[in-house]
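What follows is each chain in one-letter form.
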Amino acid sequence: MNQRLSNVTPFYRPTWTDISTDAFVANLNQIRKLIGPSTQLMAVLKADAYGHGASELVSIAVKNGADAIGVSSLEEGIALRDIGVSAPILILGGIYPLQNFSVAMEYNLTPTVASLEAAHFLEQQATKAKSRVFFHLKIDTGMGRIGVSPSGAKTILEWLPQAGHIQLQGIYSHLASADTDPVFSAQQKKSFEKVVVLARQLGQKNVVAHLANSAAVVANKEFHLDLVRPGLMLYGVPPATLPADVRIHPVLSWQTKLIFLKKVKAGTPISYGGTFRTKRESEIATIPVGYADGLPRLASNRGMILIRGKRCPIVGRVTMDHTMVDVTGVGATVGDTAVLIGEQGVDSLGALDWAGWAETNSYEILCGISKRVPRFLKGAYADR
Ligand SMILES: *Cc1c(COP(=O)(O)O)cnc(C)c1O
């Protein structure tokens, strides 16, 4: 089995994640199958590839058909350029202060422009540098985040032909409720497409229009346009209820081991505040993982962990570095592998389960697995 230790060495504490490169590539192929050959695929690797490790996954993404990479910040883009990534990289986040456009130029990172002021500033900097800079224009069609309004876009598009040093390469918007509100999403698409039509009328014939995150990729082919920007789905976490013919596989699994086991009497308080008291004679295991690893404290007295193929409840509060689990009757011993995310026996737990226990979404669970937890790259694409 291929194995690479990505960020923590040496590795003593038995709490780790495995990153399945096979699952990642299968998910990428599934997205390609959905969008067809003529739609471009931008692999969204922001937030360290949703906690999976962007520097490890980026080359696998590019070699397996990603046309471009999306990241959040200049820092994330620079980290990829520094390891030799030459694919187009779009900075999805707002660049501030505007002086930082020069950093995007220096590293050949494609900036997002979200205001007329930013467009003017980029033109000024590109002129000074005597270079030609490609950028994407972000339209706010209902997300209420960064982005120029459709009417503001018109002003920029009318001015652009006078700008000699910047070139509009892409124009995009972001859906606020792709997973929950098809009517609102259709409205967003409609107002976005008006801007795209206008851009083409005003001379931007080859501009790449894009709108779809993962939920929009699966919701409706009409959202695919010229390019799609999936993140979550690449990591094998369903962005919404998937059509029956769409199959994705979780990329990350999260394991630990029982490091301590004790039998306690009925009525024994467990963890800070004694929020749990055993109702019977119990076997209580301790696992070396806590909220400093990204195990949500809200999962105290709620979450479950797989041990010997059985779901065992977290008892008492999750602490910074340890969590206690009731393993009464499952035949557990110290050293048993416990699965937080992944399969064991016939059962499995996913980021979505933790999201439910922690009253959040699967994104926050994945991004929250802290740097203290080593990532091991596994599978056929791990060492290429
Ligand atoms: C994060 C992000 C995406 C990817 O979203 P998923 O829901 O993870 O697929 C796409 N576009 C933009 C602008 C984003 O910020």
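Conventions adopted
- Here the residue numbers are simple positions, counted from 1 along each chain's written sequence.
- For this predicted model, a pLDDT threshold of at least 70 governs which residues receive local features, and a threshold of 80 or more governs which side-chain atom pairs are given and counted, while totals over whole chains, interfaces and linings are taken from all residues.
- The side-chain quantities take in all heavy atoms of the structure and omit both hydrogens and water.
- Every axis in this analysis is a line fitted to C-alpha atoms, fitted for helices over the stretch in contact. Angles between the N-to-C directions lie between 0 and 180 degrees.
- Put simply, DSSP marks the helices as runs of H or I at least four residues long and the strands as runs of E at least two long, and each gets a number from the N terminus on.
- Put simply, angles under 35 degrees are roughly parallel, angles over 145 are roughly antiparallel, angles from 65 to 115 are roughly perpendicular, and the rest are oblique.
- Contacts are assigned to residue pairs that have any heavy atoms within 4.5 Å of one another.
- For this scheme, ten residues count as nonpolar: Ala, Val, Leu, Ile, Met, Phe, Trp, Tyr, Cys and Pro. Four count as charged, namely Asp, Glu, Lys and Arg, and the remainder, Gly too, count as polar.
- When DSSP finds two or more bridges between two strands, those strands count as paired.
- Only buried residues count toward a nonpolar core. Its members are Ala, Val, Leu, Ile, Met, Phe, Trp, Tyr and Cys residues joined through side-chain atoms within 4.5 Å.
- Only protein chains enter the accessibility calculation, which uses a 1.4 Å probe. A residue is then buried if its area is under 20% of the maximum for its type, exposed if over 50%, and partly exposed in between.
- For a helix, the expected span equals 1.5 Å multiplied by the number of residues minus one.
- Comment: arc refers to directions from the helix axis out to C-beta atoms.
- Classification of ring pairs rests on two measures: the distance between centres of Phe, Tyr or Trp rings, Trp counted by its six-membered ring, which must be within 6.5 Å, and the angle between planes, read as stacked under 30 degrees, edge-to-face over 60 and tilted in between.

1. What to know about the packing of helix α6 (residues 116–128) against helix α7 (residues 150–159)
Two quantities define a packed helix pair, namely the angle between the helix axes and the distance between the axes.
At step 1: In the contact formed by α6 and α7, the axes pass within 10 Å of each other and the chain directions differ by 25°. As judged from the angle between their axes, α6 and α7 are roughly parallel. For the pair formed by α6 and α7, the contact residues are Leu116, Ala119, His120 and Glu123 on the first element and Thr155, Ile156 and Trp159 on the second.
At step 2: Taken together, the residues of the contact of α6 with α7 sort by class into four nonpolar, two polar and one charged.

2. Notes on the sheet that holds strand β5 (residues 89–91)
At step 1: Taking strand neighbours across the sheet as the criterion, the eight strands line up as β5-β4-β3-β10-β9-β8-β7-β6 in an open arrangement whose pairing is parallel. At either margin of the open sheet sits one strand with a lone partner, and together these are β5 and β6 (112–113).
At step 2: Across the face of the sheet, helix α4 (residues 74–82) comes into contact with β4 (68–71) and β5 while running at roughly 165° to β5.

3. A short note on the nonpolar core
At step 1: Membership of the largest hydrophobic core comes to 119 residues, with the highest contact counts inside it found for Leu137, Ile171, Ile307 and Trp354.
At step 2: Per-element accounting of this core gives the leading share, seven residues, to helix α1 (residues 21–35).
At step 3: Those residues in contact with Trp354 that lie beyond four places of it in its chain are Leu295, Pro296, Ala299, Gly303, Met304, Ile305, Ile314, Leu340, Ile341 and Ile365.
At step 4: Grouped together as the second largest cluster of nonpolar side chains are six residues, Ile270, Phe276, Ile284 and Met324 included.

4. Notes on α6
At step 1: With 13 residues, α6 should reach 18 Å at 1.5 Å per residue; the first-to-last C-alpha distance of 18 Å fits that figure.
At step 2: For α6, the complete set of buried residues consists of Ala118, Ala119, Leu122, Glu123, Gln125 and Ala126. End-on, the buried residues of α6 take up no more than an arc of 165°, which puts them together on one face. For α6, the exposed residues set more than 90 degrees away from the buried face come down to Glu117 and Lys128.
At step 3: Buried residues along α6 sit against α5 (101–106), β6, β7 (133–138), α7 and β8 (166–172).

5. Some thoughts on the packing of aromatic side chains
At step 1: Throughout the structure, instances matching the rule amount to six aromatic pairs.
At step 2: Ring centres of Phe11 and Trp16 lie 6.2 Å apart, and the angle between their planes is 75°; on these two criteria the pair is classed as edge-to-face.
At step 3: Since its relative accessible area comes to 33%, Phe11 is described here as partly exposed.
At step 4: Summarising the aromatic geometry, the rings of Phe11 and Phe376 are spaced 4.9 Å apart at their centres and angled 65° between planes, so their arrangement reads as edge-to-face. Of this pair, Phe11 sits in the loop between β1 (4–5) and β2 (15–20) while Phe376 sits in strand β21 (residues 375–378); the two residues are 365 residues apart in sequence, bridging distant segments of the chain.
At step 5: Note on Phe376: relative accessible area 5%, which makes it buried.
At step 6: Chaining the aromatic ring pairs together yields one cluster made of Phe24, Tyr50, Tyr235 and Tyr363.

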